[in-house]
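Single-letter residue listing:
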Amino acid sequence: DLNGRELIIAVSLCVMIFWIGLYPAPFLRIMNGSIQALVERLERGTVAELQPSGVGAQQSARGMRPEAQAERKAAEMESSITPKTES
């Protein structure tokens, strides 16, 4: 009991599912950068990462290479977690 719209949606979804199953390379290529960043973070042992807050932090991160951004975030996280000692 599918009407025309439901049939078009069902066929479209089936085509996409088969396409992803038979030729997943375009989808995997899109995810590759994110997966590589995750693997590098896990290899360094950095599981949780604090997001910089404020407009200044967002503006200063623009235009940086992804590696430089990751190093900057790791340094910010370490400085925010390390207890400050008074001399």
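Draft legend 1. The overall build of the protein chain, seen in detail. Of regular secondary structure, the protein chain possesses four helices and zero strands. N-terminal to C-terminal, the α/β element order of the protein chain is α-α-α-α. Counting all 87 residues of the protein chain, 7% fall into the buried class. If you sum the accessible surface of the protein chain, you get close to 7,600 Å²; carbon and sulfur atoms cover 62% of it.

Draft legend 2. View of helix α1 (residues 4-22). Between its first and last C-alpha atoms α1 spans 27 Å; for 19 residues at 1.5 Å apiece the expected length is 27 Å, and the two agree. Of the residues flanking the start of α1, the one acting as N-cap is N3, its side-chain oxygen 3.2 Å from the backbone nitrogen of R5.

Draft legend 3. Quick look at the packing of aromatic side chains. For the structure on display, the rule yields one aromatic pair. Ring geometry for W19 and F27: centres 5.2 Å apart, planes at 75°, overall edge-to-face.

Draft legend 4. Up close: the layout of surface pockets. Reported here for the largest pocket is a volume of approximately 310 Å³. What lines the largest pocket is a set of 14 residues, and nearest its centre among them are A37, E40, P66, E67 and A70. Listed by contribution, the elements that provide at least two residues to the lining of the largest pocket are α2 (25-44) and α4 (66-81). Broken down by element, the lining of the largest pocket gets its largest block of residues, eight residues, from α2.

Draft legend 5. Quick look at a nonpolar patch on the surface. On the surface, M16, F18, W19, I20, L22 and Y23 cluster together into a nonpolar patch covering about 670 Å² of accessible area. Residue placement: L22 occurs in helix α1. Judged by its relative accessible area of 72%, L22 is exposed.

Draft legend 6. Looking closely at α2. Compared with an ideal rise of 1.5 Å per residue, which puts 20 residues at 28 Å, α2 spans 28 Å between its outermost C-alpha atoms and is within 8% of the ideal. Along its length, α2 shows its largest kink, about 45°, at N32. One or two steps after α2, the chain reaches G45, where phi turns positive at roughly 90°.

Draft legend 7. Focus on the confidence of the model for the protein chain. For the protein chain, mean pLDDT is 77; residues scoring 70 or higher make up 68% of the total. Here helix α3 (residues 55-61) stands out as the least confident element of the protein chain, with mean pLDDT 51; α1 is the most confident, with 95.

About the criteria used
Residues numbered from 1 in each chain as written. Predicted model: local features only at pLDDT ≥ 70, side-chain atom pairs only at ≥ 80, totals over all residues. Heavy atoms only, no water. Helix = DSSP H or I, 4+ residues; strand = E, 2+ residues; numbered from the N terminus. Buried < 20%, exposed > 50% of the residue type's maximum accessible area, 1.4 Å probe, protein only. Areas by Shrake-Rupley, 256 points an atom, 1.4 Å probe, with all protein chains shown as cover. Expected span 1.5 Å × (residues − 1). Polar contact = N/O pair within 3.5 Å; in protein donor to acceptor, adjacent residues only side chain to side chain. Phe/Tyr/Trp six-rings, centres within 6.5 Å; stacked < 30°, edge-to-face > 60°. 1 Å grid on protein atoms, 1.4 Å probe; cavity = no way out; pocket = protein on both sides within 12 Å on 5 of 7 lines; lining within 4 Å. Points joined across faces, edges and corners; volume = space filled by probe spheres on them. Patch = residues over 30% accessible without salt bridge, like charges linked within 9 Å, V, L, I, M, F, W, Y side chains within 5 Å. Salt bridge = Lys/Arg side-chain N within 4 Å of Asp/Glu carboxyl O. Bend = angle between axes of the 7 residues up to and from the residue. pLDDT = per-residue confidence, 0-100.

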